[in-house]
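Notes for the structure review
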Amino acid sequence: MDSISCVIRWWDTIQFKDADPYKWKYGMTDILCDYIITLVKGMPVLNTEVVLKNNKGEDIEYEYWTCMRLAPGSTPDNTFCTGGLEIIVPAEKIKIPSWYPDIARQEKQVIGQRGIYYFEELRFWKNWTNDGIAYIWDDENRNYWGAINRNNEEGLIRIADNNITPGTKIWAWKYDDYESINPLVNPQNMRRPYVELWAGNSHEFFEPAVLPAGSTLKWQEKFFPTININKITRANYNFILSLDTTDFYNNREIQIKFATDSPAVDHIVYVKAEGDTNFIVVFKRNIKPDPYSGNEILFEIPDEVYASSIDSLRIMVTNPNNNKNIDVTIPLKK
């Protein structure tokens, strides 16, 4: 057997009594939800698919959220976040509801935008001075979010089409009070050392999405473990790519790191110098991915390439076994 799948099914046929009508206003929707989890032999990723089906002859307002409780970098039977946990989301601003003033005080408010703050300090769990919620506010629906433990550079990243799930909600408990809670010793305490990230079909809680009459909505969510990666430059369903060009303009070095969903086969890393009408392959290396220690290449741009009329570099990692790849282009000169 090369793969195994499990289907979790929920049919929304329950009418909750005495619910707040201003929040839980959708009632019984009759939407059928399948959450399909698949593990594939030789792949270190968790593949999932969400399927929502409206069997009615009318449009339905609803909310759907995938919730992930993240504590990367911890060990089996001792799962907890540390102060080095960073929330990885490609956005510069967040929205904090007014009833969470303690965490709002950690950030600078965007002038002229009520409740909107720059997302800087709260990227790290150690800066959450109280429990709270924050919504990602200005992202470009890029296809990833997750968390990385900077103490050991282990992470877990979700890859999905965030045009379908545009909402990203962050929940975290107060760091100082709960970072030392052991859930196995204190199972009754729900305040535990993790960070929650939620993906929704709408932008916020209590804001509806609409599932058209007789329609089915489906999307993939793939969860990638990462090793020795502390930031993300580009991601897709097969790869995560990280580039560090900090020393590029001083010594012309580029650090390339990547994670792949197929570590059992050799990959090829290319660096191409490109201009308007031509390109030069300045680097090409076959590499056997290492899912335990990570994959890292430090590359220096040759003097003759840097001095030429070439104006950009294209870095590409490819799996020739299935013709899947990921690439990114960066400027060559200031």
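These lines cover the structure that appears in this document, whether it is placed above or below.

What counts, and where the lines are drawn
- Residues numbered from 1 in each chain as written.
- Predicted model: local features only at pLDDT ≥ 70, side-chain atom pairs only at ≥ 80, totals over all residues.
- Heavy atoms only, no water.
- Helix = DSSP H or I, 4+ residues; strand = E, 2+ residues; numbered from the N terminus.
- Contact = heavy atoms within 4.5 Å.
- Polar contact = N/O pair within 3.5 Å; in protein donor to acceptor, adjacent residues only side chain to side chain.
- Pairing = 2+ DSSP bridges.
- Axes fitted to C-alpha atoms, helices over the stretch in contact; angles between N-to-C directions.
- Phe/Tyr/Trp six-rings, centres within 6.5 Å; stacked < 30°, edge-to-face > 60°.
- Buried < 20%, exposed > 50% of the residue type's maximum accessible area, 1.4 Å probe, protein only.
- Lys NZ or Arg CZ within 6 Å of the ring centre and 35° of its normal.

Attention shifts here to the environment of asparagine 319. Considering the arrangement of structural elements, one finds asparagine 319 in strand β22 (residues 312-319). In the structure, asparagine 319 is positioned 297 residues away from tyrosine 22 in sequence and 50 Å away in space, judged by C-alpha atoms. In contact with asparagine 319, not counting residues within four places along its chain, are Phe239, Ser262, Val265, Asp266, His267 and Lys324. A polar contact is formed between the side chain of asparagine 319 and the backbone nitrogen of asparagine 321, at a distance of 2.9 Å.

On to the sheet that holds strand β5 (residues 65-70). Pairing between sheet strands relies on hydrogen bonds along the backbone, with the strands arranged either parallel or antiparallel. What the 6 strands build is an open sheet, ordered β5-β13-β12-β9-β7-β8; its pairing is antiparallel. Edge strands, defined here as strands with exactly one partner in the open sheet, are β5 and β8 (116-118). Each strand axis lies, on average, 30° off the axis of its neighbour in the sheet, ignoring direction. Pairing of strand β7 (residues 93-95) with strand β9 (residues 132-136) involves 2 bridges; the strand directions are antiparallel. Paired with isoleucine 94 across the strands is isoleucine 136, a residue of β9.

Relative to strand β3 (residues 46-53), strand β2 (residues 32-40) runs antiparallel, the two sharing 7 bridges. Looking at β3, one finds that isoleucine 37 is bridged to threonine 48. Counting the residues between successive antiparallel strands, the hairpin from β2 to β3 contains 5 residues, one of them, glycine 42, with a positive phi of roughly 85°. Where β3 meets strand β15 (residues 216-227), 8 bridges bridge the pair, whose relative direction is antiparallel. The residue bridging asparagine 47 from the neighbouring strand is lysine 222, located in β15.

Moving on, we come to the pairing of β15. Two faces make up the sheet, and in a regular strand the side chains alternate between them. The pairing of strand β11 (residues 154-160) with β15 spans 7 bridges and is classified as antiparallel. Pairing of arginine 158 across the sheet is with phenylalanine 223, part of β15.

This next bit is on the packing of aromatic side chains. Here a ring pair, both rings aromatic, is described through the centre-centre distance and the interplanar angle of the planes. Within the structure shown, the criterion is met by 9 aromatic pairs. Note on tryptophan 99 and tyrosine 100: the rings are 6.4 Å apart at their centroids and 50° apart in plane angle, and the pair reads as tilted. We classify tryptophan 99 as exposed; its relative accessible area is 63%. Among the aromatic residues, those joined into a cluster by ring pairs are Trp65, Trp198, Phe205 and Phe206. Residue placement shows lysine 169 over the ring face of tryptophan 198; its charged tip is 4.3 Å from the ring centre. Seen from the ring of tyrosine 270, lysine 272 lies directly overhead, with NZ or CZ sitting 5.5 Å from the centre.

Relative to the helices and strands, arginine 123 is located in the loop between β8 and β9. C-alpha separation for the pair arginine 123 and isoleucine 87, spaced 36 residues apart in sequence, amounts to 4.9 Å. What arginine 123 contacts, discounting residues up to four positions off in sequence, is Leu85, Glu86, Ile87, Val89, Ala91 and Glu92. Side-chain polar atoms of arginine 123 contact the backbone oxygen of phenylalanine 119, separated by 3.0 Å.

Now for the sheet that holds strand β1 (residues 3-11). The sheet built from 7 strands is open, its strands ordered β1-β2-β3-β15-β11-β10-β6 with antiparallel pairing. Each edge of the open sheet is held by one strand with a lone partner, namely β1 and β6 (85-88). Averaged over all neighbouring strand pairs, the angle between strand axes comes to 15°, with direction disregarded.

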